[in-house]
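Each chain is listed here by its residues.
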Amino acid sequence: MDIIEELKYYCNEPQPVGAIMLTGEWGCGKTYLLKNELTEIMKDTHIFIHLSLFGIESIEDIHKEVKKKWMYAMADSKHSLKISDNMKNVGKGLKNATESITDYLPETIGKITKGVLSINIIDFVSIKSQIGDKKVILIFDDLERANLSVIDLLGCINEYCENMHINTIVVANEEKIKQSANTKEITYDEIKEKIIQRTIRYIPNYSNIVASVIDGIIIPDGKDEEGFKKYKAFLKENENSINAIFSGYSSEKVSNEHMTSQRSQMCSGQEQDSENNKEQEVLKYRSHNIRSLKFAIEDFRRLYSILNEKKVDNKEKWLFSYLSYVLCYRAGMATDGQRYGTLFSDEKISIVYKGFYNEKYITGGIISWIRAGKWEEDVINAQIDYSVMRDKAKSPTDKVRVNSLLDIEESDIQEGFPILINEAYEGVLELRDYLGLILNSVLAREYNIKLPDINWGKICKGINIQIDKVIQSGEDKPHLKAIVSDYDNNSFSAEEMNAYKIIDEFVKSDKIIFEKNKNIYIRQMEINPLKALIQSQNMQLYSFDNKMANVTAEGFKKISNLERNDFIEYFKSMWMVNMQTSDYKKELSTYGFKTLQELMKQFLKECQEKSLYIVEIHTSSFIKVIEELIDNKEQEIE
C-alpha cells in the first residue's frame with residue numbers, strides 16, 4: 001500500500017484509536033502531499049483543517065486556532081464562502097462565519113450572536129467530527145517547530161483524537177524531535193506510543209520531483225529565450241544524474257549507504273571500520289529538500305551561461321559539484337575546510353555526494369556566491385578560465401603547475417617539478433601558481449611524497465618579482481581577489497607560511513588599484529591634461545614618479561593660458577590629499593617632484609627667451625607649487 005492509500009485508509013476509519021504521524025525530513029514535500037494530493041482526492045467526502053504549529057506559544061492558542069479554522073470551514077461548507085486566512089480578524093468575514101454556525105452553538109448563544117460581534121464567538125464553538133455530510137480531518141503540521149514541549153503538544157492533540165474522535169494527522173520531522181536537547185527520548189517514545197496509532201515515513205518519489213523541477217523552469221519571452229531552452233535541454237540530458245544526487249541512489253537503485261556498508265564488509269581493520277562508521281553517520285544527513293534543489297537548479301543557469309559561452313565541454317561536472325555543494329551548505333553541512341580554507345572543500349560533501357562532487361569543478365568565487373550571495377562575475381570568469389586551462393594541461397610542467405599533487409601521475413611529478421621550481425625562482429609563474437606550489441608542498445609533506453628540495457628564499461624573491469610585474473602592468477587581475485583564503489597555520493611550515501603571506505598581503509592591498517590609477521593619469525595627461533587632473537581628484541595615487549613628472553610637464557606646456565591656472569590648482573589640491581594617505585611613497589614622490597621642477601625651470605627659460613610673458617607668469621606659479629610639495633615632504637622625511 002502506498003502512502004496516499006495508507007492515508008486514505010486512515011481518514012476513512014470510523015473511530016481511530018489514535019492519530020497517524022507522517023514523518024520525513026524538512027522540505028521533502030510532506031505538506032505538499034497532504035494539501036494538494038490527498039485533499040484533492042478526498043475533497044468530496046472530507047474536510048481537511050490544516051494547522052501549522054510553527055512558533056505556537058501555548059496550548060490555548062492551539063485550541064483557538066483549531067476553532068477558528070473549523071468555523072471558517074463550516075462557513076465555507078454551508079454557504080460556499082471563500083474566506084481566506086488573512087480575513088480571520090476582519091469583521092465581515094467573522095460575521096459571515098458567525099451567521100453560518102449559529103445552528104451549532106447553544107440556543108441562547110446562537111440568538112445573542114446574530115448581529116452582535118462584540119462577543120468572542122470562538123469561546124462557544126464546539127468542534128465536531130463532521131461538517132454536514134463530510135468527515136473532518138485535523139492536520140497538525142510542524143510539530144517540532146512549536147515553542148512548546150513536544151510532550152505537551154501530543155497531549156493536546158490526543159484530546160481531539162481520543163475525546164472528540166476526530167481523525168488526526170500529525171506532520172513532523174521526527175529525527176529533529178529526537179535530536180532536541182529539551183526532549184527526553186524515552187519520554188517522547190512512551191507518549192508517542194500512547195497517542196500515535198501508526199507512523200508513516202514519507203519517502204518522496206525523487207525521480208518525479210526532479211522531473212517536475214526541471215519541467216517547471218519557466219522560459220520567458222525575450223532576449224534570452226534561446227539560452228533558457230538550451231539550459232533546460234542540458235538539465236534533461238543529465239536528469240538521471242541529478243536524481244542520483246538528490247535521492248542518494250545510483251541509476252541501479254543502490255544507495256550510497258549500502259555501498260559504504262558493503263565496502264566495510266570487504267575491508268578489515270579498526271581504522272577502516274572507524275572511517276566507514278563516520279561515513280555512515282554523515283550520510284544520514286543527506287538533504288532531500290525540494291526548495292534547495294529548486295534554488296540550486298535555477299541559480300546554476302548563470303554559471304551555465306558562462307560555461308556555454310566559453311565552450312566548456314564538461315559542463316555537467318560543474319553542475320554536479322554545484323548541486324552537491326548547495327544541498328550540503330543549505331543543510332548546514334558545508335563548513336569551511338579544516339585544513340585548507342574554502343580552497344579545499346569540506347570532506348562531508350565528498351562523502352555524501354561521492355562520484356559527483358569534485359572540487360576541481362567549483363571555485364572560490366562560486367563558493368563565495370553560494371555562501372555569501374556575492375556574485376563577482378569577473379572573478380568567476382577568471383577562475384573558470386584557469387580551471388579550463390588545468391584540464392587542457394599536457395606537459396608535465398603544466399600539469400604540476402595547475403593541479404593538486406594528488407591528481408598528478410608520479411612520472412609527471414618527477415619530470416615537471418624541477419622545471420616548475422626553477423621557473424618559480426625566476427619569477428615567471430603567476431601568483432596563483434605560486435600558491436598552488438605552496439599547497440602542494442604541504443600535501444607532499446603530509447602524504448610523504450618526494451619532491452625536489454625547495455629554496456624558499458628564492459621562492460619569495462620570485463613571488464616579489466611577479467608582484468612587481470603585476471603592479472607595473474596596472475591591469476585588473478580579477479582572479480587575484482579569490483586565490484587566497486584563511487589557512488590553518490599548523491599545516492604550513494614557517495617557510496611556506498612566509499611565502500604565502502607575501503601573496504596574501506599583496507592581494508589584500510590596494511597596490512594594483514594605485515598602479516591602475518597611475519596609468520589612467522598618464523594616458524589622460526597625454527590626451528587632455530586638465531581633464532586628467534579633474535578625473536584624478538578622487539583617485540588614490542601612492543606616488544609621483546619620473547614618468548608622471550615627464551608627462552605632466554608636457555601636458556602643462558601644451559595647454560592654453562586659460563587652462564593653466566586651473567591646472568595648477570587641481571595639481572596642488574590632488575597631491576596634498578594623496579600625501580596624507582598611509583600608502584604614500586614619500587621618497588619616490590619627492591624625486592618625481594624634483595624632476596618636474598627641473599623640467600618646469602627649463603620651460604621657464606624657454607618662455608623668457610621667447611618673451612612669452614603670460615606663460616612665464618603661470619610657469620613661475622607652478623614652480624612655486626611644486627616647491628611647496630617638495631618642502632612639505634622633505635620636512636616629513638627628515
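Residues numbered from 1 in each chain as written. Predicted model: local features only at pLDDT ≥ 70, side-chain atom pairs only at ≥ 80, totals over all residues. Heavy atoms only, no water.

Asks: How would you summarise helix α22 (residues 456-473) if you had to cite specific residues and measurements?
Replies: Taking 1.5 Å as the rise per residue, α22 with 18 residues should run 26 Å; its terminal C-alpha atoms sit 26 Å apart, in good agreement. Buried within α22 are the following residues: Trp456, Ile459, Cys460, Gly462, Ile463, Gln466, Ile467, Val470 and Ile471. Those residues of α22 that are buried are in contact with α20 (410-426), α21 (431-446), α23 (494-507) and α24 (511-527). If you check the start of α22, you find a side-chain oxygen 3.1 Å away from the backbone N of glycine 457, and it comes from asparagine 455. (Helix = DSSP H or I, 4+ residues; strand = E, 2+ residues; numbered from the N terminus. Expected span 1.5 Å × (residues − 1). Buried < 20%, exposed > 50% of the residue type's maximum accessible area, 1.4 Å probe, protein only. Contact = heavy atoms within 4.5 Å. Polar contact = N/O pair within 3.5 Å; in protein donor to acceptor, adjacent residues only side chain to side chain.)

Asks: Report on the pairing of strand β5 (residues 167-172), specifying residues and quantitative values.
Replies: The side chains of a regular strand alternate between the sheet's two faces. Most of β5 sits inside the fold, with six of its six residues counted as buried. Across the two faces of β5 the burial is the same, with Asn167, Ile169 and Val171 and Thr168, Val170 and Ala172 all buried. Pairing analysis gives four bridges linking strand β1 (residues 19-23) to β5, with the strands arranged parallel. In the strand pairing of β5, methionine 21 is matched with valine 170. As paired strands, strand β4 (residues 134-141) and β5 are joined by four bridges and run parallel to one another. Its bridge partner being in β5, leucine 138 is matched across the sheet by threonine 168. The parallel pair β4 and β5 is bridged by helix α6 (residues 150-163), and the resulting crossover is right-handed. (Pairing = 2+ DSSP bridges. Right-handed = clockwise from strand over helix to strand, strands pointing away.)

Asks: A description of unusual backbone geometry should follow, citing residues and the corresponding values.
Replies: With a phi close to 55°, histidine 165 is a non-glycine residue in the positive phi region. Summarising the element assignment, histidine 165 is placed in the loop between α6 and β5. Despite not being glycine, asparagine 448 has its phi angle at roughly 55°, a positive value. Since its relative accessible area comes to 71%, asparagine 448 is described here as exposed.

Asks: Which residues make up the packing of helix α14 (residues 290-309) against helix α15 (residues 315-330), and what values do they have?
Replies: Between α14 and α15, the shortest axis-to-axis distance is 10 Å and the interhelical angle comes to 145°. In the packing of α14 onto α15, the handedness of the crossing is right-handed. Residues Ser292, Leu293, Phe295, Ala296, Ile297, Asp299, Phe300, Leu303, Tyr304, Leu307 and Asn308 of α14 pack against Lys315, Trp318, Leu319, Tyr322, Leu323, Val326, Leu327 and Arg330 of α15. Of the residues in the contact of α14 with α15, the class split is 14 nonpolar, two polar and three charged. (Axes fitted to C-alpha atoms, helices over the stretch in contact; angles between N-to-C directions. Left-handed = near helix turned anticlockwise from the far one by under 90°. Nonpolar A, V, L, I, M, F, W, Y, C, P; charged D, E, K, R; others polar.)

Asks: Give me the nonpolar core: which residues, what numbers.
Replies: In this structure, Leu38, Leu53, Ile62, Phe140, Leu143 and Ile169 are the most contacted members of the largest nonpolar core, which totals 55 residues. Counting residues per element, this core draws most heavily on α6, at seven residues. Once residues lying within four places of it in the same chain are set aside, the contact partners of phenylalanine 140 are Leu51, Leu53, Ile62, Val66, Ile157, Tyr160, Thr168, Ile169, Val170 and Val171. Within the second largest apolar cluster, 45 residues are counted, among which are Ile209, Phe228, Leu319 and Tyr322. (Core = buried A, V, L, I, M, F, W, Y, C linked by side-chain atoms within 4.5 Å.)

Asks: Break down the pattern of salt bridges for me, citing the residues and quoting the values.
Replies: Considering all chains together, one arrives at 22 salt bridges under this definition. Residues glutamate 60 and lysine 64 are paired through a salt bridge, measuring 3.6 Å at the closest nitrogen-oxygen approach. Taken together, the positions of glutamate 60 and lysine 64, both in helix α3 (residues 59-79) and four residues apart, correspond to about one turn of that helix. Put simply, glutamate 515 and lysine 518 hold a salt bridge, and the shortest N to O gap is 3.1 Å. With glutamate 515 and lysine 518 both in helix α24 and three residues apart, this pair spans about one turn of that helix. The buried category is assigned to glutamate 515, whose relative accessible area is 2%. Residues participating in the shared-partner salt-bridge network are Glu6, Glu13 and Arg198. (Salt bridge = Lys/Arg side-chain N within 4 Å of Asp/Glu carboxyl O.)

Asks: Give a description of α24 that names residues and reports values.
Replies: For α24, spanning 17 residues, the distance from its first C-alpha to its last is 25 Å, which sits close to the expected 24 Å at 1.5 Å a residue. Taken together, the buried positions of α24 are Ile512, Phe514, Glu515, Asn517, Lys518, Asn519, Tyr521, Ile522 and Met525. Lining the buried residues of α24 we find α22, α23, α25 (529-535), α26 (546-558) and α27 (561-578).

Asks: Give me the lowdown on the confidence of the model for the protein, citing residues and values where you can.
Replies: Here the protein averages 81 in pLDDT, while 79% of its residues score no lower than 70. Predicted confidence is poor over residues 634-638, with pLDDT under 50, and the contacts of this stretch with residues over four places away or in other chains come to six contacts. (pLDDT = per-residue confidence, 0-100.)

Asks: Can you explain the pairing of strand β2 (residues 46-52)? Please cite residues and give values.
Replies: The element β2 is largely enclosed, with a buried count of six among its seven residues. Across seven bridges, β2 lies against β4 in parallel orientation. Each residue of the ladder has a partner; that of serine 52, found in β4, is aspartate 141.

Asks: Pulling in residues and values, what's your account of the packing of aromatic side chains?
Replies: Here the distance between the centres and the angle between the planes together describe a pair of aromatic rings. In the structure shown here, the tally under the stated rule is 25 aromatic pairs. Here the aromatic rings of phenylalanine 544 and phenylalanine 571 are separated by 5.7 Å at their centres, their planes lie at 85°, and the arrangement is edge-to-face. With phenylalanine 544 in the loop between α25 and α26 and phenylalanine 571 in helix α27, this pair connects stretches of sequence that are 27 residues apart. Accessibility assignment for this pair places phenylalanine 544 and phenylalanine 571 in one class, buried. Over the face of the ring belonging to tryptophan 375 we find arginine 302, whose NZ or CZ atom lies 4.0 Å from the ring centre. Over the ring of tyrosine 361 we find arginine 390; its NZ or CZ atom is 5.6 Å from the centre of that ring. (Phe/Tyr/Trp six-rings, centres within 6.5 Å; stacked < 30°, edge-to-face > 60°. Lys NZ or Arg CZ within 6 Å of the ring centre and 35° of its normal.)

Asks: Residue-level account of the environment of phenylalanine 320, with values.
Replies: For phenylalanine 320, the location among the structural elements is in helix α15. Residues phenylalanine 320 and tyrosine 361, spaced 41 residues apart in sequence, show a C-alpha to C-alpha distance of 8.6 Å. In contact with phenylalanine 320, other than residues within four places in its own chain, are Asn238, Ser241, Ile245 and Phe356.

Asks: Please give an account of the packing of helix α9 (residues 206-215) against helix α11 (residues 239-247) that cites residues and values.
Replies: Contact geometry for α9 and α11: axes closest at 9 Å, N-to-C directions at 125°. Put simply, α9 runs oblique to α11. With respect to the hand of their crossing, α9 and α11 are arranged in right-handed fashion. Taken together, the residues of α11 that come into contact with α9 (itself represented by Tyr206, Ser207, Ile209, Val210, Ala211 and Ile214) are Glu239, Ile242, Asn243, Phe246 and Ser247. The residue inventory of the contact of α9 with α11, partitioned by class, reads seven nonpolar, three polar and one charged. (Parallel < 35°, antiparallel > 145°, perpendicular 65-115°, else oblique.)

Asks: Tell me what's going on with the side chain of asparagine 289, and back it up with residues and numbers.
Replies: Mapped onto the elements, asparagine 289 comes out in the loop between α13 (270-283) and α14. Overall, asparagine 289 belongs to the buried group, its relative accessible area being 14%. A distance of 3.0 Å separates a polar side-chain atom of asparagine 289 from the backbone nitrogen of arginine 291.

Asks: Quick one: what's the story with the environment of aspartate 133, residue by residue and with numbers?
Replies: Within the fold, aspartate 133 resides in the loop between β3 (130-131) and β4. As for aspartate 133 and threonine 45, which are separated by 88 residues in sequence, their C-alpha atoms are 7.5 Å apart.

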